[in-house]
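What follows is the residue order along each chain.
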Amino acid sequence: MAARDVGDALEAAGVAVRAAGDGDEVAGVRPRWVALPESAEEIAAVMRVCATHDLAAVATGGGTKLHWGAPPDRCDVLVDLCCMNRPPEHAAGDLVVRAQAGVTVEALARTLAEGGQELALDVPVPGTTVGGLLATGIAGPRRFRHGTARDLLIGVTVVLADGTIAKSGGKVVKNVAGYDLGKLFTGSYGTLGIIADATFRLHPLPAARAWVTATVERPVTNTYGTWTNEDGLTFETLTTDLAGSLATMVPAVTESPLEPSAVEMDWPDAEGPCTVAVLVEGAAAAERAKALCALMGGALSDVQVTEEPPPWWGRLPEPPAPDGPPGTLGEGDRDSDGGEILLEVRNTPSHLTDSFVGPLTAAHEAGVRAAVRGSLASHVFHVALPPGTEPRRVAAFTGGLRAHMEADGDGRVVVLAAPQEAARRLDRWGHVGALPLMRRVKERFDPDRRLSPGRFLGGI
């Protein structure tokens, strides 16, 4: 249909609209229009126009993760929620806050800090909005102690594909019978509806924080395809040795009465050191941190207490440099698309060490470098490969990692971001047993596949 018809329809509904530009692409797919609603009612007006004219819509906030997930099958309207950023409604006495979807997590934190409170999440992508936080389900180190956004969410307002405004939690105006919308929509990549605002349970700001860090010096060198250290120990021996140390230390720390809030690991490259950091919050944080040193010192060395986090804390891993062994790439081998290559690895406590040894083993076998960072307490890690890594190597790495992680059915590997050429060779999501149920939910909420079609697993 003519662009003028859609523009006129949106403007008649009181919604600002503009033609899409180069910076509006969603995983490489460019929309035709960008709508800029300022309320749930205006989002509903956009979706009614989409329903009338059979248009597909994708929502965005800060745009920091638009390249995550699969490209949409079609994208006519980008629903930009950047204008939905009114000051949050902070009920300090009730430890509750309500924020529009376009409010950034950083802005929310500043507002809450003025009242001595916080949303106890560490969001690893700067610029993430409340809507993006929920849509992708991303969480940081303190998920071990406080849970994820899904756990702290107590109310949500969403707009469905037909323009219906639905609410759950808090003062319910209209609900969708039989569904907990907050839990259902968190991590759904915008395929069920558009989040307009969310209400969260808060925590008081801790009186103090302290970090216990330990660096494990286990450098490995790749010489003619064989990984050894200066003492002649092999890659397999070194990683097995480290895994054994951490397998002993982690339960001792997480199950101790010292109550750590997070236990994180950073291993930027198999050829360099691995760092473990533990966060302690609240009363007598420094004293409890010192007591943790004794627990960690039995398995690790060079343990120290600091008042500041390590520079990598609460951030996704930095990809290793692409140059040099292993898997040195020539100019003709690189993915011409470049771009971020990021995977998420989850496992159960009984298979904890597979979560970080597996990526490095798979990288060794595929001939690439890999950086691993994540939670030893929650068993969730992120893995980054160098941008421009040859697509067939990315596919080989992902396949090898899944073989290591999913052999017993407990582990899971998700490709969050990959350049188009590499992504074409990959199954982004891997096997998901609940896929038939998820398809039925999609059919219930969006039977015409109008919301982010194809973005989520199984082409949902």
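Because the structure is predicted, anything quoted here is derived from the model rather than measured. (Residues numbered from 1 in each chain as written. Predicted model: local features only at pLDDT ≥ 70, side-chain atom pairs only at ≥ 80, totals over all residues. Heavy atoms only, no water.)

**Student:** Could you give me a rundown of the overall build of the protein chain, with the residues and numbers involved?
**Tutor:** When you go through the protein chain residue by residue, the secondary structure sums to 13 helices and 21 strands. For the protein chain, with 460 residues in total, the buried portion stands at 55%. If you take every contact in the protein chain between residues at least 6 apart in sequence, the share linking residues at least 24 apart comes to 70%. (Helix = DSSP H or I, 4+ residues; strand = E, 2+ residues; numbered from the N terminus. Buried < 20%, exposed > 50% of the residue type's maximum accessible area, 1.4 Å probe, protein only. Contact = heavy atoms within 4.5 Å.)

**Student:** Provide a residue-level description of the pattern of salt bridges, including the pertinent values.
**Tutor:** Under the defined criterion, the tally for this structure stands at 23 salt bridges. Its salt-bridge partner being Asp-24, residue Arg-18 comes within 2.9 Å of it at the nearest N-O pair. Take Arg-18: its relative accessible area is 36%, and that puts it in the partly exposed class. Measuring nitrogen to oxygen at the nearest pair gives 3.1 Å for the salt bridge that ties Arg-450 to Asp-448. (Salt bridge = Lys/Arg side-chain N within 4 Å of Asp/Glu carboxyl O.)

**Student:** Pulling in residues and values, what's your account of the packing of aromatic side chains?
**Tutor:** A complete count under the given rule lists 6 aromatic pairs for this structure. Ring plane angle 85 degrees and centroid distance 5.5 Å describe the contact between Tyr-189 and Trp-429, whose orientation is recorded as edge-to-face. Within this pair, whereas Tyr-189 is found in the loop between helix H7 (181-185) and strand E10 (194-201), its partner Trp-429 is found in the loop between helix H12 (420-423) and helix H13 (435-445), the two being separated by 240 residues in sequence. Across this residue pair, the class does not change: Tyr-189 and Trp-429 are buried. With a centroid separation of 5.6 Å and 20 degrees between ring planes, the pair formed by Tyr-189 and Phe-456 is classed as stacked. In this pair, Tyr-189 is assigned in the loop between H7 and E10 and Phe-456 in the segment after H13, connecting sequence segments 267 residues apart. The residue whose ring lies beneath Arg-444 is Phe-445, and the NZ or CZ to ring-centre distance is 5.6 Å. (Phe/Tyr/Trp six-rings, centres within 6.5 Å; stacked < 30°, edge-to-face > 60°. Lys NZ or Arg CZ within 6 Å of the ring centre and 35° of its normal.)

**Student:** A description of the layout of surface pockets should follow, citing residues and the corresponding values.
**Tutor:** Computed from the structure, the largest pocket encloses a volume of approximately 840 Å³. Looking at the largest pocket, it is lined by 31 residues, and the ones nearest its centre are Thr-186, Gly-187, Ser-188, Met-438 and Phe-456. If you list the elements that add at least two residues to the lining of the largest pocket, you get helix H6 (149-152), H7, strand E18 (341-346), strand E21 (412-417) and H13. In terms of residue class, the lining of the largest pocket is made up of 16 nonpolar, 7 polar and 8 charged. By volume, the second largest pocket amounts to about 560 Å³. The wall of the second largest pocket is formed by 25 residues, among which Ala-109, Leu-121, Asp-122, Val-123 and Arg-142 lie closest to the centre. Elements with a minimum of two residues in the lining of the second largest pocket: helix H3 (105-114), strand E7 (117-118) and strand E12 (209-216). Here the lining of the second largest pocket gets 6 residues from one element, more than from any other, and that element is H3. (1 Å grid on protein atoms, 1.4 Å probe; cavity = no way out; pocket = protein on both sides within 12 Å on 5 of 7 lines; lining within 4 Å. Points joined across faces, edges and corners; volume = space filled by probe spheres on them. Nonpolar A, V, L, I, M, F, W, Y, C, P; charged D, E, K, R; others polar.)

**Student:** Explain the packing of helix H10 (residues 354-366) against helix H11 (residues 391-405) to me, and be specific about the residues and the numbers.
**Tutor:** Where H10 meets H11, the closest approach of the two axes is 8 Å, and the angle between their N-to-C directions is 140 degrees. Taken as axis vectors, H10 and H11 run oblique relative to one another. The handedness of the crossing between H10 and H11 comes out as right-handed. Counting all contacts with H10, which are made through Asp-354, Ser-355, Gly-358, Pro-359, Thr-361, Ala-362, Ala-363, Glu-365 and Ala-366, the residues of H11 involved are Arg-393, Ala-396, Phe-397, Gly-400, Leu-401, His-404 and Met-405. By residue class, the composition of the contact of H10 with H11 is 8 nonpolar, 5 polar and 3 charged. (Axes fitted to C-alpha atoms, helices over the stretch in contact; angles between N-to-C directions. Parallel < 35°, antiparallel > 145°, perpendicular 65-115°, else oblique. Left-handed = near helix turned anticlockwise from the far one by under 90°.)

**Student:** Account for the sheet that holds strand E2 (residues 33-36), naming residues and giving values.
**Tutor:** Across the sheet, which stays open at both edges, the 4 strands sit in the order E1-E2-E4-E3 with mixed pairing between neighbours. Since the sheet does not close on itself, it has two edges, and those belong to strand E1 (16-19) and strand E3 (57-60), each with one partner. Looking at each pair of strands side by side, their axes are set apart by 25 degrees on average, direction ignored. Two elements, E2 and strand E4 (residues 77-80), share 3 bridges in a ladder whose sense is parallel. Bridging from a neighbouring strand, Ala-35 pairs with Val-79 of E4. Most of the contacts of helix H2 (residues 40-53) go to E4, to which it runs at about 175 degrees, and overall it touches E2, E3 and E4. (Pairing = 2+ DSSP bridges.)

**Student:** I'd like to hear about the side chain of Ser-378, residue by residue, with values.
**Tutor:** By the element assignment, Ser-378 lies in the loop between strand E19 (371-375) and strand E20 (380-385). Those residues in contact with Ser-378, other than ones at most four positions away along the chain, are Arg-143 and Phe-144.

**Student:** Can you explain the nonpolar core? Please cite residues and give values.
**Tutor:** Among soluble globular proteins, nonpolar side chains are generally buried collectively. By size, the foremost hydrophobic cluster in this structure holds 52 residues, and its most contacted members are Leu-246, Met-265, Val-276, Met-296, Phe-356, Leu-376 and Phe-397. Among the elements that take part in this core, H10 stands out by supplying 6 residues, more than any other. Among residues more than four places away in sequence, those in contact with Val-276 are Val-212, Thr-213, Ala-214, Leu-246, Met-249, Val-263, Glu-264, Met-265, Met-296, Leu-300 and Leu-376. Core analysis: the next-biggest nonpolar cluster, separate from the first, contains 44 residues, Val-123, Ala-149, Val-414 and Leu-457 among them. (Core = buried A, V, L, I, M, F, W, Y, C linked by side-chain atoms within 4.5 Å.)

**Student:** Can you explain the environment of Ala-418? Please cite residues and give values.
**Tutor:** Topologically, Ala-418 is positioned in the loop between E21 and H12. A relative accessible area of 11% places Ala-418 in the buried class. Along the backbone, Ala-418 and Gly-69 are 349 residues apart, and their C-alpha atoms lie at a distance of 8.7 Å. Those residues in contact with Ala-418, other than ones at most four positions away along the chain, are Glu-340, Ala-423, Leu-426 and Arg-428.

Note that all results are geometric; they support no functional claim without further evidence.
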